[in-house]
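Single-letter residue listing:
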Amino acid sequence: MSLDREEFLVNECIVFAVIGTVALVQDLLGAASRYVKGMDPEAAAEETLCLAAQLTLCAAVEGGADAVRMKRVMRGIPVMYLDYALGAAAAKQMDAALLDERPAILSRISRSQTFYAKQMPENRNLGERHLREKLELWMGRISPPELPDKPIERVQCMGVGEVVRTHMLLIKAFWKSATGTQ
């Protein structure tokens, strides 16, 4: 099976987007773990994967990606990560019963994906104000209740706005450059 040049470039863009999504998740979770005391790391990881995948989808579509194809890829990232993490935990602990948690986690992931998709439709350009609002929503969702400061204050202290903006610019620019949609 031979890929034509256009299909090869699209596949490269998808790989770039997935790598960028994983890097963004690591950056966001790293910052959050330093600033948000008492957060549930598993719930924060699920939320952050869903947020990062939706942000990446928006940037890729703005850069010229096919929305239907990218939506399928980006929605698959949290699910594949779940399968990988559950499989690794089951193998490490030699306990296949851990895989029984998958349906409940998938349900949470699906709800988070739906939430972020409604907040950030892939056909909408996200300006700086919108990104700030979405990061505030994300922070509120990963933070334990009754923290003394507001989610927006935590986001500002973490300095993740610039990380997200850079990620989105990179994804959009890579798609435009690779597919010639300048």
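Rules used in this analysis
- Residues numbered from 1 in each chain as written.
- Predicted model: local features only at pLDDT ≥ 70, side-chain atom pairs only at ≥ 80, totals over all residues.
- Heavy atoms only, no water.
- Helix = DSSP H or I, 4+ residues; strand = E, 2+ residues; numbered from the N terminus.
- Buried < 20%, exposed > 50% of the residue type's maximum accessible area, 1.4 Å probe, protein only.
- Polar contact = N/O pair within 3.5 Å; in protein donor to acceptor, adjacent residues only side chain to side chain.
- Contact = heavy atoms within 4.5 Å.
- 1 Å grid on protein atoms, 1.4 Å probe; cavity = no way out; pocket = protein on both sides within 12 Å on 5 of 7 lines; lining within 4 Å.
- Points joined across faces, edges and corners; volume = space filled by probe spheres on them.
- Nonpolar A, V, L, I, M, F, W, Y, C, P; charged D, E, K, R; others polar.
- Phe/Tyr/Trp six-rings, centres within 6.5 Å; stacked < 30°, edge-to-face > 60°.
- Lys NZ or Arg CZ within 6 Å of the ring centre and 35° of its normal.

(A) How the structure looks around the side chain of Ser-112. With respect to the element layout, Ser-112 can be found in helix H4 (residues 102-119). Since its relative accessible area comes to 4%, Ser-112 is described here as buried. Here the side chain of Ser-112 touches Glu-47 through a polar contact of 2.6 Å, side chain to side chain. Beyond its immediate sequence surroundings of up to four residues, Ser-112 is in contact with Glu-47, Cys-50 and Arg-141.

(B) View of empty space enclosed by the protein. If you walk through the whole model with that rule in mind, you get one cavity of 30 Å³ or more. One number sums up the size of the largest cavity: a volume of about 60 Å³. Around the largest cavity sit Cys-50, Ala-53, Gln-54, Met-74, Arg-75, Pro-78, Gln-113 and Tyr-116, which together line it. Its residues placed into classes, the lining of the largest cavity shows five nonpolar, two polar and one charged.

(C) Highlighting the environment of Ala-31. Its place among the elements puts Ala-31 in helix H1 (residues 5-35). Residue class for Ala-31 comes out buried when judged on its relative accessible area of 3%. Taking the C-alpha atoms as reference, Ala-31 lies 20 Å from Tyr-81; in sequence the two are 50 residues apart. Apart from the residues within four sequence positions on either side, Ala-31 is in contact with Met-158 and Val-160.

(D) Structural view of the packing of aromatic side chains. Inspection of every chain in the model, using the stated rule, returns two aromatic pairs. Residues Phe-16 and Phe-174 carry aromatic rings whose centres are separated by 3.8 Å and whose planes lie at 5 degrees to one another, so their mutual orientation is stacked. You can see Phe-16 sitting in helix H1 and its partner Phe-174 sitting in helix H7 (residues 160-179), a full 158 residues away along the chain. The exposure class of Phe-16 is partly exposed, given its relative accessible area of 28%. Look at Phe-115 and Tyr-116: their rings are 5.0 Å apart centre to centre, the planes differ by 80 degrees, and that puts the pair in the edge-to-face class. With relative accessibility at 1%, the residue Tyr-116 sits in the buried group. The side chain of Arg-141 reaches across the aromatic face of Phe-115, ending 3.8 Å from its centre. Here the guanidinium or amino end of Arg-141 rests over the ring plane of Tyr-116, the centre of that ring lying 5.6 Å away.

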